[in-house]
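Coordinates in review
Listed here are the chains, written in short residue letters.
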Amino acid sequence: MTEFEIVHKDLMGRIGKFRTPHGNVETPTIMPVMNPNLMSIGAEEMKRYGAEMLITNAYIIYRKVNLREEAVKKGIHSFLECEMPIMTDSGSYQLYEYKDVEVSNKEILEFQQRIGSDVCVPLDIPTAPYVKRERAKDDLEETVSRMREARSIIQNKMLAGVVQGSTFLELREESAKRVAEIGFDVYAIGGVVPLLESYKFDELVDIIMASKKNLPLNAPVHLFGAGHPMLFPLAVALGCDLFDSAAYAIYAKGKRYITSDGTRKVEDLRYLPCSCPVCSSHSVEEVKESEDLLASHNLCVTFEEMRVVKQSIVEGSLWELCERRCRAYPALLNALNHATKYAGVIEKYDASTKKHPFFYLGETSAHRPEVLRYSYRLNRFKLSGNVLITATVGSKGKEVESGNYDYVFFVKPPFGPYPAELSESYPVGQSEIPAEIDNGAKTAALQNVLKLLELNNGKAKFVFAYDDSWEGHPLIAEIGKHAVVRLMKGGDD
Ligand code: GUN
Ligand code: ZN
């Protein structure tokens, strides 16, 4: 039986049901990080914020004798006083940073199994970005061999396979293929924290895509260390299902107030732009003074944003959400634009019709998977005889009457040519575009006009009629090589 069932999809994002020994979890979701040394919000209390699963660090428990003994005696659920599903991290990241107590892969896995973790994580090596390739490759070999060893140690618990490979995309691909071959219950993309901290979101997109393309669809994918809600829409759109958040507490400690579009220094707040229980019942001054109140607000908005993401998946409007949210920071917008380079991959996963209309929200929308799909499907039009393609508004009726055409196509940016019969169907018929269209939408439309001409080259004779809103676009001259082009002046009506 598969432990992960997909219930809704949009782009590469999905709402899934993940079955664990401690109950079902609906993904995408955030697992709050429970640090046994500093728990301002208790594990059981996390439910009230919307948590369905927790994550804790096995290494942090293991390295302190008193915590270790207590966890072994009680089991991790009683230790944290909570019956929610619990994932335990191996502490790779902490070992890599502090290296105080040495521990082997086998030792930490057996410990996770002993304390009754629901999802165990082997001791992968989180290779930093931009290291020498040889280093990344050597680390990867060691990580893969530990993954294999883990598979033989963990018998009756779920196990996560970690993808590493630094910023080398071919190593990320290889890593994903090899862990997929071994076979895990969860897959995790690791080694990205330094990229998150330096806002290298475009490189994060590359790494997620290199990994996702090679991972099975029937298991959840965890993006290690991505706890800031501003990243959720894009990361979910690319197929990440599980997130961990220590961010809510770390930001609170640093006196930072999280919002869905970034972070504010709490000292700069004159107002509380939020209606969570904290913000609606405390003054700005009170929130400024209290790390606990800040942590509570941060956690509320983190879960709120994930609900917004989930609702968008159900509606089929996740791309529109990405367009809105990614305008919070240039680095995020850059990442969204970068993600359009993968429109061809995303298109394969995406639903071909949606309930939600296609909203054109700027040039990024010209490269959406739906537009690419439309271009792929232009080869379905097999044309012969005389064909009119009319990119005109007022004068089109006249041109249709005055000619004798076998086929008439209208033009709608960013899709391009469509026959009248498709004027009501998705996506052309269910698209909303601004009255003033930008060059990105025009270019995408005219590229598809050219494609239609080239696909039917020698089989049909084309007239391309356009009005002055298109005048001066360089692709008109290109179209003129394959069609008779006619500029329809406004007065022709
Ligand atoms: N936490 C943040 N990054 C990582 C990683 O790459 N591996 C593991 N195991 N935990 C992490
Ligand atoms: Zn709030």
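Up top is the structure these notes are about.
Before going into details, it helps to say that this report is about the structure given with it. (Residues numbered from 1 in each chain as written. Chains lettered and ligands numbered in written order. Predicted model: local features only at pLDDT ≥ 70, side-chain atom pairs only at ≥ 80, totals over all residues. Heavy atoms only, no water.)

Scanning the entire structure with this criterion turns up one cavity of 30 Å³ or more. Space inside the largest cavity adds up to approximately 40 Å³. In terms of lining, the largest cavity is formed by F201, L204, V205, I208, L231, L234, A235, L238 and A335. Secondary structure elements with two or more residues in the lining of the largest cavity: α10 (201-212) and α11 (232-237). Tallied by class, residues from the lining of the largest cavity come to nine nonpolar, no polar and no charged. (1 Å grid on protein atoms, 1.4 Å probe; cavity = no way out; pocket = protein on both sides within 12 Å on 5 of 7 lines; lining within 4 Å. Points joined across faces, edges and corners; volume = space filled by probe spheres on them. Helix = DSSP H or I, 4+ residues; strand = E, 2+ residues; numbered from the N terminus. Nonpolar A, V, L, I, M, F, W, Y, C, P; charged D, E, K, R; others polar.)

Glancing now at the packing of helix α8 (residues 169-182) against α10. The geometry of α8 relative to α10 is characterised by a closest axis approach of 7 Å and an angle of 35 degrees between their N-to-C directions. α10 is crossed by α8, and the crossing has right-handed handedness. Residue-level inspection shows L169, R172, E173 and A176 of α8 in contact with α10, the latter providing D206, I207, A210 and S211. Here the residues of the contact of α8 with α10 sort into four nonpolar, one polar and three charged. (Axes fitted to C-alpha atoms, helices over the stretch in contact; angles between N-to-C directions. Left-handed = near helix turned anticlockwise from the far one by under 90°. Contact = heavy atoms within 4.5 Å.)

Next up on the list: the site of ligand 1. Within the structure, ligand 1 sits among D89, S90, S92, Y93, V121, D124, P126, Q164, G190, G191, V193 and F224. With respect to ligand 1, the side chain of D89 contributes an N or O atom lying 2.7 Å from a nitrogen atom. Between ligand 1 and Q164 there is a distance of 3.0 Å, counted from an oxygen atom to a side-chain nitrogen or oxygen. Burial of ligand 1 by the surrounding chains reaches 94%, relative to a free accessible area of 280 Å². For ligand 1, the cavity whose grid points lie within 2 Å of the majority of its atoms is the largest pocket. (Near = heavy atom within 4 Å. Polar contact = N/O pair within 3.5 Å; in protein donor to acceptor, adjacent residues only side chain to side chain. Areas by Shrake-Rupley, 256 points an atom, 1.4 Å probe, with all protein chains shown as cover. Sits in = over half its atoms within 2 Å of the grid points.)

Moving on, we get to the coordination of the zinc ion (ligand 2). Coordination of the zinc ion (ligand 2) by the protein involves C274 (SG), C276 (SG), C279 (SG) and H297 (ND1), with metal-donor separations of 2.1 to 2.4 Å. Each of the four donor atoms around the zinc ion (ligand 2) contributes to a set of angles spanning 99 to 117 degrees, which defines the coordination as tetrahedral. One chain supplies every donor to the zinc ion (ligand 2), and in sequence these donors are spaced C-x1-C-x2-C-x17-H. Since its relative accessible area comes to 8%, C276 is described here as buried. (Donors = N, O, S within 2.8 Å, 3.2 Å for Na, K, Ca; no water. Tetrahedral: all angles 85-135°; square planar, octahedral: opposite > 155°, others 65-115°. Buried < 20%, exposed > 50% of the residue type's maximum accessible area, 1.4 Å probe, protein only.)

This next bit is on the nonpolar core. Grouped together as the largest cluster of nonpolar side chains are 117 residues, with contacts concentrated most on M46, L223 and F243. Per element, the largest residue contribution to this core is ten residues, and it comes from helix α15 (residues 291-315). Non-local contacts of L223, meaning those with residues more than four positions away in its chain, are made with I189, V192, L204, I208, A235, C240, L242, F243 and D244. (Core = buried A, V, L, I, M, F, W, Y, C linked by side-chain atoms within 4.5 Å.)

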